[in-house]
Amino acid sequence: MTAAPLGPGQLNAIDHGGSGRPVVLIHGWPLSGKAWEKQVPALIAAGHRVITYDRRGFGLAEKPTEGFDYDTLAADLDAILTAMDLHDVTLVGFSMGGGEVARYIRNHGEDRLRAAVFASAVTPCLMQSDNNPDGPLTKEAAGEMEQGLRDGREAFFPQFVENFYSVDGNLKASAEECEQAVTLCNQSDQGAALGCMEAFGTTDFREDLEAVRVPVLVIHGDSDAIVPLEGSGARTYHAIPDSQFFTIKGAPHGCNVTHSEEFNIALLEFLR
């Protein structure tokens, strides 16, 4: 059974202001809408209306016990766009959030949309299989990640954040940025964290990407150790005709934080 969509208040949806075309920012796993703090001011300064929200089970959103599949998560996004009566929207999906962008378009269409951005996104399909030999995630690696989270969040999240912001073992984020990210991770519900881990690791978005017709920007760090460029960003770019591709050199997975200036320039240029 698919869980009912949560409303904007239940998802801690925040309208940050701005009178221009709306930009909805969809965070990665296992963070929250606060992960976009380096993008919100830049977008507002450029005249955009900016909306963030916390995925169900994360941040300050409600903590339901079900609904961590992408159909439900896309329905949550649709509930926000509908309740806020948003049109001419650009959806920006980071990491796991890229899957929500793809599934939203397939399930709910593009009538409300102007464009879409896939940033460090898990599309088109992470899990490696006979049907998806280029998937960058093996079943063994996925199992180790799940077991690590089950064994103890206190050890798992700091190590995950370090990998999130590192290139070849060299940390690119400040101690304060890492500490903030760990704090956001710890706000997640364990059931939601495990359910969404399974969802982003196993969901195949290849047919979803075939439904995308709006202009698209793909942004990806070329040193992403969490969602490698070759298996995800590059494949997403090739799957969507006429999409634009911006690679951030020397950037890890969390490039919107570690390389925020380059990230913001690319995003704002696309939005113009």
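Scroll up to find the structure this text is about.
Every chain is numbered on its own, with residues counted from 1 as its sequence reads. Owing to the predicted nature of the model, reporting of local features is limited to residues with pLDDT of at least 70; listing and counting of side-chain atom pairs is limited to 80 or more, with chain, interface and lining totals taken over all residues. The side-chain numbers reported here are obtained from all heavy atoms of the structure, hydrogens and water having been left aside.

## Re the overall build of the protein
Helix numbering and strand numbering both begin at the N terminus, where a helix is a DSSP run of H or I of at least 4 residues and a strand a DSSP run of E of at least 2. If you tally the helices and strands in the protein, you get 11 helices and nine strands. Throughout, radius of gyration means the C-alpha value; the globule benchmark is 2.2 Å times the number of residues raised to the power 0.38. Over its C-alpha trace the protein gives a radius of gyration of 17 Å, about what one expects of a compact globule, namely 19 Å for 272 residues. By its C-alpha atoms, the protein is 45 × 40 × 40 Å across when sized along the principal axes. Within the protein, the fraction of its 272 residues that count as buried is 57%. A contact between two residues is defined here by any heavy atoms of the two lying within 4.5 Å. Long-range contacts, defined here as pairs at least 24 residues apart, represent 79% of the contacts in the protein between residues at least 6 apart. The protein chains shown are the only cover counted for residues, whose accessible areas, like all others here, come from Shrake-Rupley with a 1.4 Å probe. As presented, the protein carries roughly 11300 Å² of accessible surface, and 48% of it is formed by carbon and sulfur atoms. Side chains of the protein carry 20 positive and 39 negative charges; the gap between the two charge centres is 4 Å. Using a 1.4 Å probe on the protein chains alone, a residue whose accessible area is under 20% of its type maximum counts as buried, one over 50% counts as exposed, and one in between counts as partly exposed. Charge convention: Lys and Arg are scored as positive, Asp and Glu as negative, and His as well as the terminal groups of each chain are ignored. Note on charges: their place is set at NZ of Lys, CZ of Arg, CG of Asp or CD of Glu.

## A look at helix 5 (residues 153–164)
Here a helix's expected span is defined as the number of its residues, less one, multiplied by 1.5 Å. Here helix 5 is 12 residues long and its end C-alpha atoms lie 16 Å apart, about the 16 Å a rise of 1.5 Å per residue gives. When we look at burial in helix 5, the residues that qualify are Arg 153, Phe 156, Phe 157, Phe 160, Val 161 and Phe 164. Down the axis of helix 5, the buried side of the element spans an arc of 125 degrees, and every buried residue falls inside it. Opposite its buried face, helix 5 presents the exposed residues Glu 154 and Ala 155, each directed more than 90 degrees away. As used here, the arc is the angular range of directions from the helix axis to the C-beta atoms.

## Digging into the nonpolar core
Residues belong to one nonpolar core when they are buried, are Ala, Val, Leu, Ile, Met, Phe, Trp, Tyr or Cys, and are joined through side-chain atoms within 4.5 Å. Core analysis: the largest hydrophobic core is formed by 87 residues, its most contacted members being Val 24, Trp 29, Leu 91 and Phe 118. Ranked by residue count, the leading element in this core is helix 7 (residues 190–202), at seven residues. Those residues in contact with Val 24 that sit more than four places away from it in its chain are Ile 51, Tyr 53, Leu 77, Leu 81, Leu 86, Val 89, Thr 90, Leu 91 and Val 92.

## Description of unusual backbone geometry
A cis geometry characterises the amide bond from Trp 29 onward to Pro 30, with omega recorded as -5 degrees. The step from Thr 123 to Pro 124 runs through a cis peptide bond, and the omega angle for that step is 0 degrees. Position of Pro 124 relative to the elements: it lies in the loop between strand 5 (113–119) and helix 4 (139–151). Even without glycine at this site, Asp 88 takes up a positive phi of about 60 degrees. Within the secondary structure layout, Asp 88 lies in the loop between helix 2 (70–83) and strand 4 (89–94). A relative accessible area of 32% places Asp 88 in the partly exposed class. Its identity is not glycine, yet Ser 95 carries a phi of approximately 55 degrees, on the positive side. Position of Ser 95 among the secondary structure elements: in the loop between strand 4 and helix 3 (96–108). A residue is classified by how much of its surface remains accessible, and Ser 95, at 6% relative accessible area, is buried.

## As for the environment of Leu 209
Structurally, Leu 209 can be placed in helix 8 (residues 206–210). On the basis of relative accessible area, Leu 209 is assigned to the buried category, the value being 1%. Between the C-alpha atom of Leu 209 and that of Arg 106, which follows or precedes it by 103 residues, the distance is 7.8 Å. If we skip the residues at most four places from it in the chain, Leu 209 touches Ala 102, Phe 118, Thr 123, Pro 124, Thr 236, Ala 239 and Ile 240.

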